[in-house]
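The residues making up each chain are set out below.
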Amino acid sequence: MSKRKIAAGNWKMNLSIQEADKLVTTIVKSQRDKSVHTLIGVPFPYLMEFKAKTRYMDKVDVMAQNCHHKASGAHTGEVSASMLASIGIEYVIIGHSERRADNNETNDIIKEKVDLAFANGLKVVFCCGESLKTRKAKKHIAHVKKQVKESLFHLKKADFDNIILAYEPIWAIGTGETASPEQAQEMHREIRDYLKTKIGTKSKNISILYGGSVKPANAKELFSQADIDGGLVGGASLKADSFVPIINSFS
Ligand code: 13P
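Residues numbered from 1 in each chain as written. Predicted model: local features only at pLDDT ≥ 70, side-chain atom pairs only at ≥ 80, totals over all residues. Heavy atoms only, no water.

## Observations regarding the pairing of strand β3 (residues 60–64)
Going by this rule: Per-residue accessibility, obtained with a 1.4 Å probe over protein chains only, is compared with the maximum for each type, and a residue is labelled buried under 20%, exposed over 50%, and partly exposed between these values. The helix count covers DSSP runs of H or I at least four residues long, the strand count covers runs of E at least two residues long, and both are numbered beginning at the N terminus. Each pair of strands is called paired provided DSSP finds at least two bridges between the two strands. A right-handed crossover is one whose linking path, passing over the helix from the first strand to the second, runs clockwise when the strands point away from the viewer.
Summarising burial for β3: 5 of the 5 residues are buried, a large majority. Neither face of β3 is open: one carries Val-60, Val-62 and Ala-64, the other Asp-61 and Met-63, and all of them are buried. Direction of pairing for strand β2 (residues 36–42) relative to β3: parallel, over a ladder of 5 bridges. Directly across from Val-42, in β3, lies its bridge partner Ala-64. Each parallel crossover has a hand, and the one from β2 via helix α2 (residues 47–54) to β3 is right-handed. Inspection of the sheet shows β3 paired to strand β4 (residues 91–94) by 2 bridges, in the parallel sense. The residue bridging Ala-64 from the neighbouring strand is Val-92, located in β4.

Below, the structure is given as structure tokens:
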């Protein structure tokens, strides 16, 4: 994958399938800029339905919101990377801060997930980001680099062709408080420079998304920063009224 304009929605644990169906239909009809790649993070039970619905669409695709860190076995209620691959899913979100917090997912566990995702031919949307406490202590850059290093730096250079990164400061998720374009750009540049130490100039081609209270009012300014290639959007992706203007915010 080369660097792209990406508007990714993460529905998390929201929407009935009927609500979701209406939303996807409207999104598909209303996307103006055909060079934008729209991704939708769909709950597991709806994945096959929406994969089928978007199958012939160039610019819209679905993502799973997670996969398990073991290949298979006695893990009731879990979903494996190979199951996702077997139903034709191409993208999986790994390392979201909500999963890190709710399920004690460490950098090591996330690394195992990344490996299984790649072993099954999936593309990974890798999330990283710091807490408010870490930012206040001015350790946010070191923290994010550690997340990237411990979960991704064992990979081969070629694997990075199949990674999208998403910087999501935890203090900005669902809080209405967005990182300023300068704060986000600073971190995105740090991440890209850090990737360069591992994969060289290829780092220029990696898409790095910003997530954390992205809305129509701030999307344009965020997306116009040099190292911000789009957004990973939670709350505002649940309604066409807010997600469609975000998709159409790239200049
Ligand atoms: P909000 O856009 O609701 O802040 O959520 C961001 C997010 O966590 C996307 O994965």
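Right, picking up where we left off after that structure.
## A look at the pattern of salt bridges
To be explicit about the condition: Salt-bridge detection follows one rule: a side-chain nitrogen of Lys or Arg within 4 Å of a carboxyl oxygen of Asp or Glu.
This structure, assessed with the given rule, holds 15 salt bridges. Glu-130 is paired through a salt bridge with Arg-135; the nearest N and O atoms lie 2.7 Å apart. You can call Glu-130 buried: its relative accessible area is 0%. Three or more residues joined by partner-sharing salt bridges are found here, namely Lys-51, Asp-61, Glu-90 and Lys-123.

## Concerning the site of the ligand
As a reminder, the rule being used: Each residue is tested against the molecule or strand, and it is near if at least one of its non-hydrogen atoms lies within 4 Å. In the analysis that follows, any N or O atom pair within 3.5 Å is treated as a polar contact, provided that within protein one partner can donate a hydrogen and the other can accept it, and provided that, for residues neighboring in sequence, both atoms belong to side chains. Calculation of accessible area relied on Shrake-Rupley with a 1.4 Å probe; when residues are assessed, cover is drawn exclusively from the protein chains displayed. All amino acids are sorted into three groups, where Ala, Val, Leu, Ile, Met, Phe, Trp, Tyr, Cys and Pro are nonpolar, Asp, Glu, Lys and Arg are charged, and the leftover types, Gly among them, are polar.
Close to the ligand lie 13 residues; Lys-12, His-96, Gly-174, Ser-213 and Gly-235 are nearest. Interatomic distance of 2.7 Å between a side-chain N/O atom of Lys-12 and an oxygen atom of the ligand. Between an oxygen atom of the ligand and a side-chain N or O atom of His-96, the distance comes to 2.8 Å. Computed on the free molecule, the ligand has an accessible area of 310 Å², of which 95% lies beneath the protein chains in the complex. Of the residues belonging to the shell around the ligand, the class tally is 4 nonpolar, 7 polar and 2 charged.

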